[in-house]
Amino acid sequence: MTETEIPGTVPERFRPPTRFAVPGRIAVSERTASRWRTATLTEIRRETPRAATFRFAVPDWSPHVPGQHLMVRLTAPDGYVAQRHYSIASAPDDPGHFELTLDRVADGEVSGWFHTVARPGDRVEVRGPLSGFFAWPGDRPALLLGAGSGVVPLMSMVRHHRARGLSVPLRLLVSARSPEELIYAREYGAETTPVFTRSAPPGVPAGRMTADHLAPLFDRRPPGGWEAYVCGSNSFAEHASRLLVAAGQPVDRIRIERFG
Ligand SMILES: Cc1cc2nc3c(=O)[nH]c(=O)nc-3n(C[C@H](O)[C@H](O)[C@H](O)COP(=O)(O)OP(=O)(O)OC[C@H]3O[C@@H](n4cnc5c(N)ncnc54)[C@H](O)[C@@H]3O)c2cc1C
């Protein structure tokens, strides 16, 4: 199983040349990955009691590939700097704009600022889009498994699939603690199966994702099989990838993004 690559953390000499990259890896331009740009917050939308979407405008924004993320940098008036990775939630066909969805982490420095201080008109710095590995250009059947805010890069894939009217199969299994905590709940369609771990609607059992959730997707596997994308906490990534392997998914076709 291969981890996502976070550009900037691996010394240049250790990186494989792009031309020998694993199949499906998207080439990420070093220039795009290393250049800081100013993004202006234009809108804030509440998704759940703990999560909100932040829409930004950036002149000449290079469209991302669904699944990619950004580095966001905040600088305090005294020069203190904090930077964090955030997945892009929006579809690529959104000229000059991108959207992030942030969970509010208790005592979180950066997520706390976004949720309590940020207002439309505020500016932050961004670098990216990053990651050539956890990216889906819409060219192969995709099986997406996410938990909590791990659904964010997967939603970019779902939105891209819809916006382009793609016919390639795409399915999303998304885990949340309760219906109230299900991010993007209003947007899901027939492609999505929600799984509720703590409290579920009447008649739906609450509990973790199981082999039973995956079985129908492997009974009717598309020709050529699935490319699996898993995103969430470390424990969810372990759990979901074990379920996938047990269901028959080849390990080299499981792409994992861990939010830590
Ligand atoms: C590639 C990548 C993409 C990401 N995309 C998203 C995204 O789309 N949306 C999103 O909300 N987050 C995302 N994250 C997580 C994000 O980068 C931050 O780690 C998170 O927002 C917390 O930062 P903070 O400054 O608010 O908290 P910090 O000040 O860094 O941490 C405060 C406390 O919270 C704990 N903590 C830190 N991160 C988490 C976490 N993720 N969950 C629970 N506890 C935590 C710390 O251990 C600490 O005790 C992504 C991470 C990666 C690596």
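Here the structure is a predicted model, which is why all the values come from computation and not from measurement.

### As for the packing of aromatic side chains
Turning to step 1, where the next piece is worked out: A full pass over the atoms with the stated rule returns seven aromatic pairs.
Turning to step 2, where the next piece is worked out: Here the aromatic rings of Phe 56 and Phe 98 are separated by 5.2 Å at their centres, their planes lie at 20 degrees, and the arrangement is stacked. Residue Phe 56 is located in strand β3 (residues 51-57), and its partner Phe 98 is located in strand β6 (residues 97-103); the two are separated by 42 residues in the primary sequence. When sorted by exposure, Phe 56 lands in the same class as Phe 98, which is buried.

### A look at the confidence of the model for the protein chain
Turning to step 1, where the next piece is worked out: Confidence along the protein chain averages 90 in pLDDT terms, with 90% of residues attaining 70 or more.
Turning to step 2, where the next piece is worked out: In this model, residues 1-22 is a region of pLDDT below 50 whose contacts with residues beyond four sequence positions or in other chains number 32 contacts.

### Regarding the side chain of Glu 191
Turning to step 1, where the next piece is worked out: Residue position: Glu 191 is located in the loop between β9 (170-176) and β10 (192-196).
Turning to step 2, where the next piece is worked out: A polar atom in the side chain of Glu 191 sits 3.0 Å from the side chain of Arg 162.
Turning to step 3, where the next piece is worked out: Polar side-chain contacts of Glu 191 include one of 2.5 Å to the side chain of Thr 192.
Turning to step 4, where the next piece is worked out: Discounting chain neighbours no more than four positions away, the residues touching Glu 191 are Val 158, Arg 162, Leu 170, Arg 171 and Leu 172.

### Focus on the site of the ligand
Turning to step 1, where the next piece is worked out: Within the structure, the ligand sits among 20 residues, and Arg 84, His 85, Tyr 86, Val 110 and Ser 111 are positioned closest to it.
Turning to step 2, where the next piece is worked out: Measuring from an oxygen atom of the ligand, one finds a side-chain N or O atom of Tyr 86 at 2.6 Å.
Turning to step 3, where the next piece is worked out: Measuring from an oxygen atom of the ligand, one finds a backbone N or O atom of Val 110 at 2.8 Å.
Turning to step 4, where the next piece is worked out: Surface burial for the ligand is 68%, taken as the share of its 900 Å² of free accessible area covered by protein chains.

### Section: the layout of surface pockets
One simple way to see leftover space: roll a probe sized like a water molecule over the atoms.
Turning to step 1, where the next piece is worked out: Volume-wise, the largest pocket comes out at about 1,000 Å³.
Turning to step 2, where the next piece is worked out: Lining the largest pocket are 41 residues, and of these Asp 103, Ser 149, Gly 150, Ser 233 and Phe 259 lie nearest its centre.
Turning to step 3, where the next piece is worked out: Elements represented by at least two residues in the lining of the largest pocket include exactly β5 (81-87), β6, α2 (109-116), β9, α5 (234-247) and β12 (254-258).
Turning to step 4, where the next piece is worked out: At four residues, β5 tops the list of elements feeding residues into the lining of the largest pocket.
Turning to step 5, where the next piece is worked out: Residue composition of the lining of the largest pocket, by class: 12 nonpolar, 18 polar and 11 charged.

### Here we look at the nonpolar core
Turning to step 1, where the next piece is worked out: The biggest cluster of nonpolar side chains holds 24 residues, and the ones touching the most others in it are Leu 144, Met 157, Leu 172, Tyr 184, Tyr 188 and Tyr 229.
Turning to step 2, where the next piece is worked out: Only β8 (142-147), α3 (152-164), β9 and β11 (227-232) provide two or more residues apiece to this core.
Turning to step 3, where the next piece is worked out: The leading source of residues in this core is α3, at five residues.
Turning to step 4, where the next piece is worked out: If sequence neighbours within four positions are ignored, Tyr 184 has contacts with Glu 47, Thr 53, Ala 89, Thr 101, Val 151, Val 152, Met 155 and Arg 159.
Turning to step 5, where the next piece is worked out: Membership of the second largest hydrophobic core comes to 21 residues, among which are Ala 52, Phe 54, Val 58 and Phe 114.

### Observations regarding the environment of Leu 172
Turning to step 1, where the next piece is worked out: Within the fold, Leu 172 resides in strand β9.
Turning to step 2, where the next piece is worked out: In this structure Leu 172 comes out as buried when scored by relative accessible area, which is 1%.
Turning to step 3, where the next piece is worked out: Considering only alpha carbons, one finds Leu 172 and Gly 146, 26 residues apart in sequence, at a separation of 7.7 Å.
Turning to step 4, where the next piece is worked out: Setting aside chain neighbours within four positions, we find Leu 172 in contact with Leu 144, Val 151, Leu 154, Val 158, Tyr 188, Glu 191, Thr 192 and Thr 193.

### With respect to the packing of helix α4 (residues 211-219) against α5
Turning to step 1, where the next piece is worked out: In contact at an axis separation of 10 Å, α4 and α5 are set at 45 degrees when each is read in the N-to-C sense. It follows from the interaxial angle that α4 and α5 lie oblique. Our pair here, α4 against α5, has a crossing hand that is right-handed. Between α4, through Ala 211, Leu 214 and Phe 218, and α5, the contact on the second element is made entirely by Leu 243, Leu 244 and Ala 247.
Turning to step 2, where the next piece is worked out: Its residues placed into classes, the contact of α4 with α5 shows six nonpolar, no polar and no charged.

Definitions and cut-offs
Residues numbered from 1 in each chain as written. Predicted model: local features only at pLDDT ≥ 70, side-chain atom pairs only at ≥ 80, totals over all residues. Heavy atoms only, no water. Phe/Tyr/Trp six-rings, centres within 6.5 Å; stacked < 30°, edge-to-face > 60°. Helix = DSSP H or I, 4+ residues; strand = E, 2+ residues; numbered from the N terminus. Buried < 20%, exposed > 50% of the residue type's maximum accessible area, 1.4 Å probe, protein only. pLDDT = per-residue confidence, 0-100. Contact = heavy atoms within 4.5 Å. Polar contact = N/O pair within 3.5 Å; in protein donor to acceptor, adjacent residues only side chain to side chain. Near = heavy atom within 4 Å. Areas by Shrake-Rupley, 256 points an atom, 1.4 Å probe, with all protein chains shown as cover. 1 Å grid on protein atoms, 1.4 Å probe; cavity = no way out; pocket = protein on both sides within 12 Å on 5 of 7 lines; lining within 4 Å. Points joined across faces, edges and corners; volume = space filled by probe spheres on them. Nonpolar A, V, L, I, M, F, W, Y, C, P; charged D, E, K, R; others polar. Core = buried A, V, L, I, M, F, W, Y, C linked by side-chain atoms within 4.5 Å. Axes fitted to C-alpha atoms, helices over the stretch in contact; angles between N-to-C directions. Parallel < 35°, antiparallel > 145°, perpendicular 65-115°, else oblique. Left-handed = near helix turned anticlockwise from the far one by under 90°.

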